[in-house]
Amino acid sequence: MTGSHIGSLELYQVNRYGIREKVWEKGGRDMGPDWLQAGVYVGMNQFVRYEFVGTKGDGYEGDIAIDDLNFGQCSPYLDDCDPVNEFKCYNGQCISGDKLCDLKMDCFDGSDERFCDANCNFEEGMCGWHNLIADVFDWTRFQGETASYGTGPRVDHTTLTEEGYYMYIETSLPRKLGDNAVLQSHWLSLSGDNCVLSIFYHMEGQHLGALAVEVEDSATGKSTIGNLTSKADGWQHGRWPLKQSKEFRISVTGYAGSSYEGDIAIDDVSIVGCKVMSSCGQSQFTCNNKQCVSMASECNFKKDCSDGSDEDSCPLTCDFEKNNTCGWINEPGADWTWDLTPGTHLLSTYWT
């Protein structure tokens, strides 16, 4: 990189979803006539590629060259890790503690992402997070732009494309101000002192309600750790410390605003900086008494939980009154949707 018009040389890491992250950069000045050596620590990654981007300076004396590329000494293996600030991978590698359970494999053996049961990017499903039956309406797993103009995301946060998935609440009719939708995790337990709940959220529109984050501790009950009401363009990042010493579960509640420009979305939910274990697997329902049963057991008209909690909040019938669909939802991606509509017939409200 020699000359009076040097631009820049950048190295990007690109994952399988097309997300580009800059990991190295040089330039902006003459760096002499000799070859220079650079090394970049890139961590543990799967299904990635690397791109060198050379940018032209303001004249012709700005040629840039590279040579002798190789991958080697791929991680700093240390005798011991800092017990306070670092996580020791199963293979002995040390990584920063804030990379534990961050939805990226920084350990070469992937051990930093093995015990992260609350984490979900919603690409393959809901990872055990579930809608409550007892709320007014539901969160929907969705991809691409939402139906209402002027609100909702156009792409997800994980892939930044229209093919990626996220969860959102649709606040068009029949929703009314204050209607709530609750998304809840399994019962969880933490192992570590530096646990942080991380959620990417999208709140854009003229009629926003609110997004509340609650923690229910098996010992102390419910507490609100986050209450978001402000409009913000694009995906935003929320982080809240977790200090639970007992089993707990997380609820994310979206509230409808005054009209249709109030869609709220979340993506890439994770508990970062510590290990997280769930009482039940991702394909199981957690009873109030911590018993684990199949997710299909919820609301199947049989008490599979010994305490009956899998049927507690499940309506046996639904008259669709009071703007309540009783947990019935439209299938994402269907050609047509059912609408909750007031009428003048004997049944005052019905689905069409």
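Our subject is the structure that appears above.
Below you will find a few notes about this structure. (Residues numbered from 1 in each chain as written. Predicted model: local features only at pLDDT ≥ 70, side-chain atom pairs only at ≥ 80, totals over all residues. Heavy atoms only, no water.)

**What about the pairing of strand β13 (residues 221-228)?**
In regular strands, side chains alternate between the two faces of the sheet.
Then comes step 1: Pairing of strand β12 (residues 210-217) with β13, which is carried by seven bridges, proceeds in the antiparallel orientation. Counted as the bridge partner of Leu-211 is Leu-228 from β13.
Then comes step 2: The hairpin formed by β12 and β13 contains three residues between the paired strands. (Pairing = 2+ DSSP bridges. Helix = DSSP H or I, 4+ residues; strand = E, 2+ residues; numbered from the N terminus.)

**Considering unusual backbone geometry**
Then comes step 1: For the bond running from Leu-173 to Pro-174, omega is 15°, close enough to zero to count as cis.
Then comes step 2: Structurally, the position occupied by Pro-174 is in the loop between β8 (165-169) and β9 (180-184).
Then comes step 3: For Asp-68, which is not a glycine, the phi torsion comes out positive at approximately 55°.
Then comes step 4: Residue Asp-68 is classed as exposed on the basis of its relative accessible area of 66%.
Then comes step 5: Residue Phe-122 is not a glycine yet carries a positive backbone phi of 65°. (Buried < 20%, exposed > 50% of the residue type's maximum accessible area, 1.4 Å probe, protein only.)

**A closer look at the state of the cysteines**
Then comes step 1: On inspection of all chains with the given rule, the structure shows two disulfides.
Then comes step 2: Note on cysteine connectivity: Cys-89 is disulfide-linked to Cys-107, with sulfurs 1.9 Å apart. Of note, the bridge from Cys-89 to Cys-107 carries an S-S torsion of about -75° and is left-handed in sense. In this pair, Cys-89 sits in the loop between β4 (86-88) and β5 (94-96) while Cys-107 sits in the loop between β5 and β6 (130-131), placing the two residues 18 residues apart along the sequence.
Then comes step 3: Classification of Cys-107 as buried rests on a relative accessible area of 0%. (Disulfide = S-S within 2.5 Å.)

**Thoughts on the pattern of salt bridges**
One side chain can pair with another of opposite charge once the charged atoms of both are near each other.
Then comes step 1: Tallied over the entire structure, the rule returns six salt bridges.
Then comes step 2: Residue Glu-25 is joined to Lys-22 by a salt bridge in which the shortest nitrogen-to-oxygen separation is 3.3 Å.
Then comes step 3: Owing to a relative accessible area of 39%, Lys-22 belongs among the partly exposed residues under this scheme.
Then comes step 4: Glu-216 is paired through a salt bridge with Arg-249; the nearest N and O atoms lie 3.0 Å apart. Highlighted residues: Glu-216 in strand β12 and Arg-249 in strand β15 (residues 248-255), separated in sequence by 33 residues.
Then comes step 5: With a relative accessible area of 17%, Glu-216 lands in the buried category.
Then comes step 6: Each of Glu-10, Lys-22 and Glu-25 takes part in a single network of salt bridges with overlapping partners. (Salt bridge = Lys/Arg side-chain N within 4 Å of Asp/Glu carboxyl O.)

**Quick notes on the sheet that holds strand β3 (residues 49-55)**
Then comes step 1: Spatially, three strands are ordered β2-β1-β3 in an open sheet, and the strand pairing comes out antiparallel. Of all the strands in the sheet, just β2 (20-27) and β3 have a single pairing partner and so form its edges. Averaged over all neighbouring strand pairs, the angle between strand axes comes to 20°, with direction disregarded.
Then comes step 2: Where strand β1 (residues 8-14) lies against β3, seven bridges are found, and the strand directions are antiparallel. Looking at β3, one finds that Tyr-12 is bridged to Glu-51. (Axes fitted to C-alpha atoms, helices over the stretch in contact; angles between N-to-C directions.)

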